[in-house]
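If you want the building blocks of each chain, they are given just below.
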Amino acid sequence: MYKDFDTAAYDSIFVNTMDSLSGKFINPKTIKAFYKHNYNQPQLVTRFYTNGELDSLVVYLNGSAVHGFNPKIFRANEISDLLEVLSANKFKKVEESYPVIAKLELLSANAYLNYTNYLKYGVVNPRNIFSRYYIKVVRPDSAGMVKLLEGNDLVENLKSAQPKSPQYKALQSAYLNADSESEKRILLLNMERFRWQMPATGDNYVQVNIPDFRLTWLDQLDTVISMKVCVGGKRENGYEEKLKAFAKSGNLDDKPKNHETPLLFSKINSIQANPIWNIPVSIAQSEIYWMARKDPFYLSNSNIKVYYKDKLIGEPDTINWNRYSRDKLPFKFKQGSGGGNALGKFKFIFDNSSSIYLHDTNNKNGFNLTNRAISHGCVRIEKPLEFARLLVKDTYTYDKLRAEVDLPPVDSTHMKWYQKRMAQKADTLKTFQLKPAWFAPKNPVPLIITYITAWAQNDRIEYRPDVYGMDEKLWAAMKKYR
C-alpha cells in the first residue's frame, strides 16, 4: 500500500499538522526549518519505525520519571498510541495513514529534542531567572538539534544524553529512595543544577559554595584546603516591590538592600598584600556618609581618605556634611592599608564585572556564625595566609609576601628581608607608609562561585539551607515539568 504514498498529498497534511502542533513546541523554528530542508518528509518514521527505535524512544520518555520529569510533558502516551495505530495497519487506503504519520513524526521529533536537551543542558537557563547569575552555561543550539534529527542512531543518542557525573547519579539515587516530598524537591533542584553545562574548571580549581559558606580547593577531586567563608547578605524581603517603589521615587531611603554575592566563573590572577579598599558608592551613601556626620573624626580614625575630583582632601574632618545630600556625594572614599582595613591583610583578585573579590577581614568573629551571609557582596575567607601560600607555591615568593605583613620567613636564609622591613617600620626619623604590594600566583587558578543546596559527600547527601531563596525561584520555573 505504501508504494502508492503521494508525497504532495502528504505534504499538505503535514503542513496542517505542523500548524496545529508547533504552537506548543519549545523549538518550533528549528523543527520547521529541519523539515522544510527535508521537503516535509517523515524522516524519523522512515528511519526508526521499522527497526523499533521509536518504540525505544517511548521507553525512554516513560522512564523520564527517574530524572524527576513527568512523561506527560513529552506526550509519551500519544506517541505510543500513534505507534499502535500504525502497527495495527488497518488503513484501507494509504492516505488514511498520512495524519497518523505526520503527527507521529512531529511529536516524536519534539519529544526527542526536548528529552535530550533537558538531560544534557537542564530544563532551565539559570541566567534567565537569576539576576546575579554570571556563569556562562552552554545551552542547546539549532545546529546541535538538527544534528540529532539527522542522526542515524536514535537510541545511542538517547543513551549518551544521560547525565554521567558521580554527583548527579548520587543525587538521583537519593531521589529514587526519598520518601518526603520536601526532600525530593531539594534533590530534584540540585539534579537540575548538575545538568547545567558549566564552564570547564579543569581538575585543579577553587569552589565557593554559598549555601555551605565554604571555600574548597580541589585537585583531581582531592581536597587541597577547605575553609569557612562569609558571603553577601540576603536581599531585603519584598525586594522586587521595593525596587519598583525606588524606581518611581528616586529617593535613596526607598532603595532596598541587595548584597548577595553573584555567581560567577573566573581565574584568580593576583594577590594584594596590605590592600587599599576603594569603598563602593552604595556603601559610601548608606554607611560612610552617616558615620562621618555622626562623628567628625570617624574618617581619620578609620584611615579613610577622601577625594574630590580625584584630589586628596587634606583634612576630611573639616568637611561640612550638611552641605551634601548622600545621593549626590561628590567624593570618593578609600581606606588605607593597615590593621583596621575592612579587607584585612590580603585581597585575592579575579576578573569580573561585579567588583567582587576574595579577601581577609579584620572582623574574624563572623566565621563563628552559623549563617555567614553578612558581607556587602565580596567573600571573606577564613585562612588567607594559607590560601596565599598555595597560590604562590614557591617559598621565595611566599616569604616576600609574609614580610609585607610583618611575619617572619619560613626559610631562615630570607631573614634579612624581614629584619630590613622591621627596621624601616621602627625608624622614627622616617615616616613609614604602609602600601599595597602585588604578587602573582604561580598559575592563574580557576574559581567558581556557585550555589548548591544538596550534594554527595563521603557516601551521604549533605543538605544546606536555601540562604538566598534561589531554590524557591528555581522550583517556580521547574514545577511545570513535574
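Structure: above.
Anyway, here's the lowdown on the structure attached to this text. (Residues numbered from 1 in each chain as written. Predicted model: local features only at pLDDT ≥ 70, side-chain atom pairs only at ≥ 80, totals over all residues. Heavy atoms only, no water.)

## As for the pairing of strand E8 (residues 331-335)
Moving on, step 1. Only one face of E8 is covered, namely the face carrying Phe-331, Phe-333 and Gln-335; the face carrying Lys-332 and Lys-334 is uncovered.
Moving on, step 2. Two strands pair when backbone bridges link them, and strand E5 (residues 277-278) and E8 are joined in this way by 2 bridges, in the antiparallel orientation. Residue pairing for E8: Asn-278 is matched across the bridge by Lys-334.
Moving on, step 3. Across 5 bridges, strand E6 (residues 304-308) lies against E8 in antiparallel orientation. Within E8, the position partnered with Tyr-307 by the bridge is Lys-332. (Buried < 20%, exposed > 50% of the residue type's maximum accessible area, 1.4 Å probe, protein only. Helix = DSSP H or I, 4+ residues; strand = E, 2+ residues; numbered from the N terminus. Pairing = 2+ DSSP bridges.)

## Comments concerning the packing of helix H1 (residues 7-21) against helix H6 (residues 98-121)
Moving on, step 1. With their axes 9 Å apart at the nearest point, H1 and H6 run at an angle of 45 degrees to one another. The pairing of H1 with H6 is recorded here as oblique in orientation. Helix-helix and strand crossings are classified by hand; for H1 and H6 the assignment is right-handed. Note on element contacts: H6 touches H1 through Tyr-98, Pro-99, Ile-101, Ala-102, Lys-103, Glu-105, Leu-106 and Leu-107, opposite Ala-9, Tyr-10, Ile-13, Phe-14, Thr-17, Met-18 and Leu-21.
Moving on, step 2. The residue makeup of the contact of H1 with H6, split by class, is 12 nonpolar, 1 polar and 2 charged. (Axes fitted to C-alpha atoms, helices over the stretch in contact; angles between N-to-C directions. Parallel < 35°, antiparallel > 145°, perpendicular 65-115°, else oblique. Left-handed = near helix turned anticlockwise from the far one by under 90°. Contact = heavy atoms within 4.5 Å. Nonpolar A, V, L, I, M, F, W, Y, C, P; charged D, E, K, R; others polar.)

## Here we look at the environment of Arg-402
Moving on, step 1. The residue Arg-402 is located in helix H16 (residues 395-404) in this model.
Moving on, step 2. Looking at Arg-402, the relative accessible area reads 13%, which means it is buried.
Moving on, step 3. Sequence-wise, Arg-402 and Tyr-418 are 16 residues apart; in three dimensions their C-alpha atoms are separated by 8.4 Å.
Moving on, step 4. Every residue in contact with Arg-402, bar those within four places of it in the chain, is listed here: Leu-385, Leu-407, Pro-408, Pro-409 and Val-410.
Moving on, step 5. Side-chain polar atoms of Arg-402 contact the backbone oxygen of Pro-408, separated by 2.7 Å. (Polar contact = N/O pair within 3.5 Å; in protein donor to acceptor, adjacent residues only side chain to side chain.)

## A word on the side chain of Arg-326
Moving on, step 1. Relative to the elements of secondary structure, Arg-326 occurs in the loop between strand E7 (311-312) and E8.
Moving on, step 2. Accessibility expressed as a relative area gives 14% for Arg-326, which makes it buried.

## So, the pattern of salt bridges
Moving on, step 1. All chains considered together, the criterion is met by 17 salt bridges.
Moving on, step 2. Note that Asp-471 and Arg-193 form a salt bridge whose closest N and O atoms lie 2.8 Å from each other. Pair noted here: Asp-471 is in helix H18 (residues 470-478) and Arg-193 is in helix H11 (residues 181-195), with a separation of 278 residues, a long-range link. Note on accessibility: Asp-471 and Arg-193 belong to one class, buried.
Moving on, step 3. Here Asp-212 ties to Arg-464 by a salt bridge, and the two come within 2.7 Å at their closest N and O atoms. Of the two residues, Asp-212 is situated in the loop between strand E1 (204-209) and strand E2 (214-219) and Arg-464 in the loop between strand E16 (460-463) and H18; the sequence distance between them amounts to 252 residues.
Moving on, step 4. Among the charged side chains, a salt-bridge network with shared partners connects Asp-212, Arg-460, Glu-462 and Arg-464. (Salt bridge = Lys/Arg side-chain N within 4 Å of Asp/Glu carboxyl O.)

## So, a negative patch on the surface
Moving on, step 1. Judged by side-chain charge, Asp-4, Asp-6, Glu-95 and Glu-96 come together as a negatively charged surface patch.
Moving on, step 2. Looking at the secondary structure, you find Asp-4 in the segment before H1. (Patch = residues over 30% accessible without salt bridge, like charges linked within 9 Å, V, L, I, M, F, W, Y side chains within 5 Å. Areas by Shrake-Rupley, 256 points an atom, 1.4 Å probe, with all protein chains shown as cover. Lys, Arg positive; Asp, Glu negative; His and termini not counted. Charge placed at Lys NZ, Arg CZ, Asp CG, Glu CD.)

## As for a positive patch on the surface
Moving on, step 1. A cluster of like positive charges, contributed by Lys-120, Lys-147, Lys-164 and Lys-169, occupies part of the molecular surface.
Moving on, step 2. With respect to the helices and strands, Lys-164 occurs in the loop between helix H9 (154-160) and helix H10 (166-177).

## Focus on the side chain of Asn-258
Moving on, step 1. Structurally, Asn-258 can be placed in the loop between helix H12 (239-249) and strand E4 (264-273).
Moving on, step 2. Residue classification places Asn-258 among the buried residues on the basis of a relative accessible area of 11%.
Moving on, step 3. At a separation of 3.2 Å, a polar atom in the side chain of Asn-258 contacts the main-chain amide nitrogen of Glu-260.
Moving on, step 4. Beyond its immediate sequence surroundings of up to four residues, Asn-258 is in contact with Arg-132, Arg-235 and Tyr-239.

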